[in-house]
Amino acid sequence: MAKRKLLSFAENESFPHFFQPRYHEIKDGFSLKSAWNESYFKNDGPITLELGCGKAEFSYYLAGKYPERNFVGIDLKGARLWRGAKDSFENKMNNIAFIRSHVQNVNHFFGPQEVEEIWIPFPDPQLHKPGERKRLTSSGFLKRYADVLKPDHIIHLKTDNRPFFEYTLETIASGGHQLLFSTFDLYNENVDYDAVKVQTFYEKQFLDQGMEIKYLQFRLNNA
Ligand SMILES: C[S@@+](CC[C@H](N)C(=O)[O-])C[C@H]1O[C@@H](n2cnc3c(N)ncnc32)[C@H](O)[C@@H]1O
């Protein structure tokens, strides 16, 4: 393994805001579940999750813009998470944390109604049929999100991928969920949303290739 990757893994271990729970810790009950505000953030601020966050550009930006809110980025890849963890640690940000794990475990990490907002920036589209259950907007994932979200929540999705975006629109419609906003070309809309304020690592590559960025906001009917 590349030396840089190994160094980032080692540094992740040293960060106080970086969690890499082992299987048994997840299975036996994650210690912060239903206790993030009380035991970790030590405030009553609402919690936003960034799922498949990579370098966590959204969490980092939003945590700086909204110091009264709390942010948790989740991704499998330690070397990507390291970037967001390092920047937020060096900037002494105390309203952001990271979990290296599968998004599938989200309802093991958070309790009912513990989360107010979810961002899903540029998820892997997983377009081949057996990959459907791995799509972060599949009905199986939406069910897990419903387990942790407050009724008055919001979920944001940004993607370059049209079939994946259309799949998500269909999933929202067929599940009876509430579509709050959608566009096939975000940067040609006259909106002042946070969605236009941040370009993630993957988004920059898609923009360089001239791709149009799709964006939607929705609310689950069963949270
Ligand atoms: C295309 S990248 C996008 C990363 C980042 N959001 C961005 O826009 O630059 C997709 C990310 O999702 C993560 N990912 C995919 N499936 C995941 C899962 N089931 N659980 C956790 N992370 C996942 C990958 O590790 C990867 O970092």
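Keep in mind that what you see is a predicted model, and the values were worked out from it rather than measured.

(A) Representation of the confidence of the model for the protein chain within the structure. Residues of the protein chain with pLDDT of at least 70 account for 100%, and the chain-wide mean is 97. The least confident element of the protein chain is helix α2 (residues 23-27), whose mean pLDDT is 92; the most confident is strand β2 (residues 47-51), at 99.

(B) Local environment of the nonpolar core. In this structure, W36, L49, L51, V72, F110, I118 and Y145 are the most contacted members of the largest nonpolar core, which totals 35 residues. Those residues in contact with Y145, other than ones at most four positions away along the chain, are L51, V103, V106, I118, I120, L136, I155 and L220. Of all hydrophobic cores here, the second largest spans 24 residues; its members include F18, W119, F122 and F181.

(C) A look at the site of the ligand. The immediate surroundings of the ligand are formed by 17 residues, with D75, R80, V103, P121 and T200 found nearest. At a separation of 3.0 Å, a nitrogen atom of the ligand approaches a polar side-chain atom of Q104. A distance of 2.6 Å is found between an oxygen atom of the ligand and a side-chain nitrogen or oxygen belonging to T200. Relative to its unbound accessible area of 590 Å², the ligand is 93% covered by the protein chains. Partitioning the shell around the ligand into residue classes produces seven nonpolar, six polar and four charged.

(D) Broad picture of the pairing of strand β8 (residues 214-219). Counting buried positions along β8 yields five of six residues, so the element is predominantly enclosed. As defined by bridge partners, strand β6 (residues 149-159) adjoins β8 across five bridges and the pair is classed as antiparallel. Across the sheet, residue H156 finds its bridge partner in β8, namely Q217. Relative to β8, strand β7 (residues 178-183) runs antiparallel, the two being bridged by five bridges. In the sheet register, L179 faces β8, and the bridge partner there is F218.

(E) Seen up close, helix α8 (residues 162-174). For α8, which comprises 13 residues, the first-to-last C-alpha distance of 18 Å matches the rise-based estimate of 18 Å (1.5 Å per residue) to within 8%. Residues of α8 that are buried include every one of F164, F165, Y167, T168, T171 and I172, and no others. Down the axis of α8, the sector holding all buried residues measures 160°, keeping them to one side. With respect to the buried face of α8, the exposed residues turned more than 90 degrees away are E170, A173 and S174. In this structure, the buried residues of α8 make contact with α7 (139-148), β6, β7 and β8. For α8, the capping residue at the N-terminal end is N161, with a side-chain oxygen 2.9 Å from the backbone nitrogen of F164. G176 sits one or two residues past α8 and shows a positive phi near 70°.

(F) Just the environment of W36, in detail. If you trace the backbone, W36 turns up in helix α3 (residues 36-41). Within the structure, the side chain of W36 is placed 2.9 Å from the backbone oxygen of F109, a separation counted as a polar contact.

(G) Broad picture of unusual backbone geometry. For K42, which is not a glycine, the phi torsion comes out positive at approximately 55°. Within the fold, K42 resides in the loop between α3 and β2. Under the relative-accessibility criterion, K42 is labelled exposed at 62%. Phi is positive for F122, which is not a glycine, with a value near 50°. Position of F122 among the secondary structure elements: in the loop between β5 (115-121) and α7. For F122, a relative accessible area of 8% corresponds to the buried category.

Cut-offs and rules
- For every chain, the first residue of its written sequence is number 1, and the numbers climb from 1 along that sequence.
- Residues qualify for local features only when their pLDDT is at least 70, as the model is predicted, and side-chain atom pairs are given and counted only at 80 or more; totals for whole chains, interfaces and linings, by contrast, use all residues.
- The side-chain numbers reported here are obtained from all heavy atoms of the structure, hydrogens and water having been left aside.
- Summary of the metric used: pLDDT quantifies the predictor's per-residue confidence within the range 0 to 100.
- What counts as a helix is a DSSP run of H or I of at least four residues, what counts as a strand is a run of E of at least two, and both are numbered from the N terminus.
- The nonpolar core is taken to be a set of buried Ala, Val, Leu, Ile, Met, Phe, Trp, Tyr and Cys residues, with the residues joined through side-chain atoms within 4.5 Å.
- Here's how the labels work: a residue is buried when its accessible area is under 20% of the maximum for its type, exposed when over 50%, partly exposed in between, all with a 1.4 Å probe on protein chains only.
- Only heavy atoms enter the contact rule, under which two residues are in contact if any of them lie within 4.5 Å.
- Only a single heavy atom is needed: when it lies within 4 Å of a molecule or strand, its residue is near that molecule or strand.
- Pairs of N or O atoms are called polar contacts if they sit within 3.5 Å, as long as, within protein, a hydrogen donor faces a hydrogen acceptor (for residues adjacent in sequence, only side-chain-to-side-chain pairs).
- Computed with the Shrake-Rupley method and a 1.4 Å probe, the accessible areas treat only the protein chains shown as cover for residues.
- When residues are grouped by polarity, Ala, Val, Leu, Ile, Met, Phe, Trp, Tyr, Cys and Pro land in nonpolar, Asp, Glu, Lys and Arg in charged, and all others, Gly among them, in polar.
- For two strands to be treated as a pair, DSSP must find at least two bridges joining them.
- Multiply 1.5 Å by the residue count of a helix minus one, and that product is the helix's expected span.
- Note that the arc is computed from the directions linking the helix axis to the C-beta atoms.

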